Amino acid sequence: MLRRGEGCRTVPLAGHVGFDSLPDQLVNKSVSQGFCFNILCVGETGLGKSTLMDTLFNTKFEGEPATHTQPGVQLRSNTYDLQESNVGLKLTIVSTVGFGDQINKEDSYKPIVEFIDAQFEAYLQEELKIRRVLHTYHDSRIHVCLYFIAPTGHSLKSLDLVTMKKLDSKVNIIPIIAKADAISKSELTKFKIKITSELVSNGVQIYQFPTDDESVAEINGTMNAHLPFAVIGSTEELKIGNKMMRARQYPWGTVQVENEAHCDFVKLREMLIRVNMEDLREQTHTRHYELYRRCKLEEMGFKDTDPDSKPFSLQETYEAKRNEFLGELQKKEEEMRQMFVQRVKEKEAELKEAEKELHEKFDRLKKLHQDEKKKLEDKKKSLDDEVNAFKQRKTAAELLQSQGSQAGGSQTLKRDKEKKK
Amino acid sequence: MDPLRRSPSPCSSSRPSSPSTPPCEMLGPVGIEAVLDQLKIKAMKMGFEFNIMVVGQSGLGKSTMVNTLFKSKVWKSNPPGLGVPTPQTLQLHSVTHVIEEKGVKLKLTVTDTPGFGDQINNDKCWDPILGYINEQYERYLQEEILITRQRHIPDTRVHCCVYFVPPTGHCLRPLDIEFLQRLCQTVNVVPVIARADSLTMEEREAFRRRIQQNLRTHCIDIYPQKCFDEDINDKILNSKLRDRIPFAVVGADREHLVDGRCVLGRKTKWGIIEVENMAHCEFPLLRDLLIRSHLQDLKDITHNVHYENYRVIRLNESHLLPRGPGWVNLAPASPGQLTSPRPFKVCRGAHDDSEDEF
């Protein structure tokens, strides 16, 4: 019923149509929706994670510094609304608390991996829902992970290697050398080379800035060579020359944060925010999230082709599972209902028992009462009989007495008296 | 049609604000604005897609209109000759082109519906069209639910349907009303008065008011839908547009000389009707709506509202939808019914080896 016309061909335009405003329309829509960006900072306590975030976004985020006595690794997450001209950014910063402080650090990476997976899971759940609202969903998936390396000057710690290896397939990792003012320039170059070679030899995939688009290929290419960035963060502003700048003051000099000769902070800010923020988000969505989704769905038992290699519809399994679930729910409901009925019956029986008992007791008492009443009546009757008999004798005696007194003789009286006794 | 089709507006809250997001003051420029340029570069690299469908009886100037809109020979205009029999059933004919302007690449797909409303008995002539639209949604859905999916799912869903109303001057015909009622719940519909050069200005206004009255009486919600207006600016802009819809348009692909300028127009004995002149016809309004200002909005509403509605119904009650070709039967097998779940054609990627079910 449907005929496809000739294949795609490019057609020349005879005039100005006007769809060159399309990118602007798209951008306007995105601006009205707002952007969101989620950063995860992984590093040992005291490496300056919070300070770096303050410096990067030129503001003071709330939070107290963590202690070294945490029993396990925890993640602390905070969301902020930033606004620059007409662009609104919902920024979420997640920091590890207590990383590297324990004596046994074997499981240190687990809470981090679980957190990242939990964000993917939440997005996947929303995507699989029947009635979903993806366009207003607050995306909490981690877009970039800044891994803070301690400035020892030697090499990566084994904890760092293990953690980065576990994270590289789940999130875009950008390693940075923290507190870089503790290392001299020559040591820094050697340190960077050592780190890069260790990462390569251990097969850790860190995020490479994209070089496929001409407008950013050049700058990204040079920046790729400067990884890992050696950064310094500072919340204090000092007057240098006639400008106020963020800097750290030592007795032997002042380290300026935004001076490219002193540290790579400016490079980090360029790469992270000004050039590649959108690419980081896209990589998270198209690569890391898709990988997670694929693994999760395969784990749940969905396949694209069934054993006969005929394309197997996800929908069929989905519906089957749904029916199964509904069946289970119904069964549970039945069970509960039956249990309820059972309980009601039992209670009813109990109450009937009690009622019966009460009736019996009542009957017993009534019978007792009747018996006693009868006894009393009997006694009363016998007493009445006695009284009657006495009255009769009394009248008879009085009669005799009156007859005897007429005949004269008190002997009969005496004899009567004796008789009476 | 079915009450499940209404869904809340897309971006009803521009930024979902939660109680734990304190606004932060930045003490200096950070460079967040640069993300807009990054977005633009990426979008231009990837290119855009737009699918439009034109529906109307033959002879209303649909092909000419499309050619005028995109200023190119999208259709090789060939009016059906006398020897060609009119098609017995409704056929859908689709053409894809890539057009480029100032570095912006647009992949345009135009679907025509020759034979619509041409038969003596036009009952259920909207079914093939609905079937086609749903088939595109189905294709997208099948791609979306794959385990290993493509980076960029090709979007063949119809973003806009332009309905040509014949210039009778009276009111909407029953066929029009039936069609519009069914279609406005599945796709964005923009009705236009075709061949408006046969109506005078007063007749046009009266016709327009009557059509608007008809639309209101029958609860037909055409694009731009009132419930999707996001903020006060949108409301004002869209109310102005809604007041003028349906646009009275004239299509022309020939150029003539008027006052020394070369304009697109139709030459008649009593004058030249200039297509791009707002005093003559409302073609510029239609062009602006479809291309210059609301193209992205059309795509967004199709993706966020119509596609989601389709998806909900598809996942819940598969048996209620009109079927297109290649339908996959998902209902659980009842005894006595043959279920042969013929899988839909997905011939992309290395993992697929089913044949084309078309």
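In this text, all values refer to a predicted model and were calculated from it rather than measured experimentally.

**Structural notes on the overall build of chain A**
What chain A contains, in helices and strands, is ten helices and eleven strands. In summary, chain A has a C-alpha radius of gyration of 49 Å against a globular reference of 22 Å for 421 residues, an excess of more than 25%. Over its C-alpha atoms, taken along the principal directions, chain A stretches across nearly 170 × 80 × 45 Å. Looking at chain A residue by residue over its 421 residues, the buried ones come to 40%. Taking all contacts inside chain A whose residues are at least 6 apart in sequence as the whole, residues at least 24 apart take part in 67%.

**A closer look at the overall build of chain B**
In terms of regular secondary structure, chain B is built from eight helices and ten strands. Across the 358 residues that make up chain B, the buried fraction comes to 53%. Taking contacts inside chain B between residues at least 6 apart in sequence as the whole, the part at least 24 apart equals 67%. Taken as a whole, chain B presents about 16,800 Å² of accessible surface, with 55% of it coming from carbon and sulfur.

**Considerations on unusual backbone geometry**
Residue P228(A) is bonded to the preceding L227(A) through a cis peptide linkage, with omega at -15°. Here P228(A) shows up in the loop between α6 (214-226) and β8 (229-230). Each neighbour pair has its own omega, and for Y223(B) with P224(B) the value is -5°, a cis peptide bond. Here P224(B) shows up in the loop between α5 (201-217) and α6 (232-244). The phi angle at N58(A) is positive, at roughly 55°, despite the residue not being glycine. Looking at N58(A), the relative accessible area reads 11%, which means it is buried. For K102(B), which is not glycine, the phi torsion reads 50° and is therefore positive. With respect to the secondary-structure elements, K102(B) resides in the loop between β3 (92-101) and β4 (104-112).

**Details of the pattern of salt bridges**
Residue and element names in this part refer to chain A. If you walk through the whole model with that rule in mind, you get 46 salt bridges over all chains. The residue D139 makes a salt bridge to R141 at a minimum N-O spacing of 2.8 Å. A residue is classified by how much of its surface remains accessible, and D139, at 12% relative accessible area, is buried. Classification of R141 as buried rests on a relative accessible area of 4%.

**Things to note about the side chain of D168(A)**
Residue and element names in this part refer to chain A. Inspection of the secondary structure assignment puts D168 in the loop between α4 (158-167) and β7 (173-177). Despite its burial, D168 remains without a salt bridge, the nearest opposite charge being carried by K165 at 4.4 Å. Separated by 3.0 Å, the side chain of D168 and the backbone nitrogen of Q205 make a polar contact. Among residues more than four places away in sequence, those in contact with D168 are I173, G203, V204, Q205 and H288.

**Some remarks on the domain arrangement of chain A**
The assigned domain composition of chain A is domain 1 (30-300) and domain 2 (314-381). Each of domain 1 of chain A and domain 2 of chain A has a C-alpha centre, and the two are 66 Å apart.

**Concerning the state of the cysteines**
Each disulfide consists of one covalent bond between the sulfur atoms belonging to two cysteines. Within the structure shown, the criterion is met by zero disulfides over all chains. The cysteine C227(B) is free of any disulfide, with C184(B) supplying the nearest cysteine sulfur at 11 Å.

**Structural notes on α5(B)**
Residue and element names in this part refer to chain B. End to end, α5 covers 24 Å across 17 residues, agreeing with the expected 24 Å (1.5 Å per residue, within 8%). If you check which residues of α5 are buried, you get R204, F207, R208, I211, Q212, N214 and L215. For α5, the buried positions fall inside an angular range of 160° around the axis, keeping them on one side. Across from the buried face of α5, at angles greater than 90 degrees, the exposed residues are E202, R216 and T217. Structurally, α5 contributes buried residues whose contacts are with β5 (160-165), α4 (174-183), β6 (189-193), α6 and β7 (247-248).

**Some details on the sheet that holds strand β6 (residues 144-149) of chain A**
Hydrogen bonding along the main chain pairs the strands of a sheet, whether they run parallel or antiparallel. Pairing is mixed in the open sheet, where seven strands are placed in the order β8(A)-β7(A)-β6(A)-β3(A)-β5(A)-β4(A)-β1(B). Each edge of the open sheet is held by one strand with a lone partner, namely β8 of chain A together with β1 (23-24) of chain B. Pairing between β6(A) and β7(A): five bridges, direction parallel. If you follow C145(A) over to β7(A), its bridge partner there is I173(A).

**A look at the packing of aromatic side chains**
All names here are of chain A. Tallied over the entire structure, the rule returns 13 aromatic pairs over all chains. On the basis of an interplanar angle of 35° and a centroid distance of 5.4 Å, the ring pair of F120 and Y292 is categorised as tilted. Of the two residues, F120 sits in helix α3 (residues 109-128) while Y292 sits in helix α8 (residues 277-300), which places them 172 residues apart along the sequence. Y292 gets classed as buried once you look at its relative accessible area, which sits at 12%. With a centroid separation of 5.0 Å and an interplanar angle of 85°, the aromatic rings of Y123 and Y289 are classed as edge-to-face. Of this pair, Y123 sits in helix α3 while Y289 sits in helix α8; the two residues are 166 residues apart in sequence, bridging distant segments of the chain.

**Regarding the sheet that holds strand β10 (residues 271-274) of chain B**
Residue and element names in this part refer to chain B. What the three strands build is an open sheet, ordered β8-β9-β10; its pairing is antiparallel. The sheet is open, and its two borders are formed by β8 (255-258) and β10, each paired with just one other strand. Taken pair by pair, the neighbouring strands of this sheet meet at an average axis angle of 65°, ignoring direction. When β8 meets strand β9 (residues 261-268), the two strands line up antiparallel, connected through four bridges. The residue bridging E255 from the neighbouring strand is L264, located in β9.

**Section: the UniProt feature "domain: Septin-type G" (unreviewed entry) in chain A**
Here the UniProt feature "domain: Septin-type G" (unreviewed entry) sits at residues 33-299 of chain A. Annotation note: span residues 33-299 of chain A, helix share 39%, strand share 22%, distance between end C-alpha atoms 34 Å.

**With respect to the packing of α8(A) against helix α1 (residues 34-46) of chain B**
Relative orientation of the contacting elements α8(A) and α1(B) amounts to 60°, with a least axis distance of 8 Å. Judged by the inter-axis angle, α8(A) sits oblique to α1(B). Here M277(A), E278(A), D279(A) and E282(A) of α8(A) come into contact with α1(B), specifically with V35(B), Q38(B), L39(B) and K42(B).

What counts and how
Residues numbered from 1 in each chain as written. Chains lettered and ligands numbered in written order. Predicted model: local features only at pLDDT ≥ 70, side-chain atom pairs only at ≥ 80, totals over all residues. Heavy atoms only, no water. Helix = DSSP H or I, 4+ residues; strand = E, 2+ residues; numbered from the N terminus. Rg over C-alpha atoms; globule rule 2.2 N^0.38 Å. Buried < 20%, exposed > 50% of the residue type's maximum accessible area, 1.4 Å probe, protein only. Contact = heavy atoms within 4.5 Å. Areas by Shrake-Rupley, 256 points an atom, 1.4 Å probe, with all protein chains shown as cover. Salt bridge = Lys/Arg side-chain N within 4 Å of Asp/Glu carboxyl O. Lys, Arg positive; Asp, Glu negative; His and termini not counted. Polar contact = N/O pair within 3.5 Å; in protein donor to acceptor, adjacent residues only side chain to side chain. Domains from an automatic or database assignment. Disulfide = S-S within 2.5 Å. Expected span 1.5 Å × (residues − 1). Arc of directions from axis to C-beta. Pairing = 2+ DSSP bridges. Phe/Tyr/Trp six-rings, centres within 6.5 Å; stacked < 30°, edge-to-face > 60°. Axes fitted to C-alpha atoms, helices over the stretch in contact; angles between N-to-C directions. UniProt positions renumbered as here; feature names shortened; annotations may be inferred. Parallel < 35°, antiparallel > 145°, perpendicular 65-115°, else oblique.

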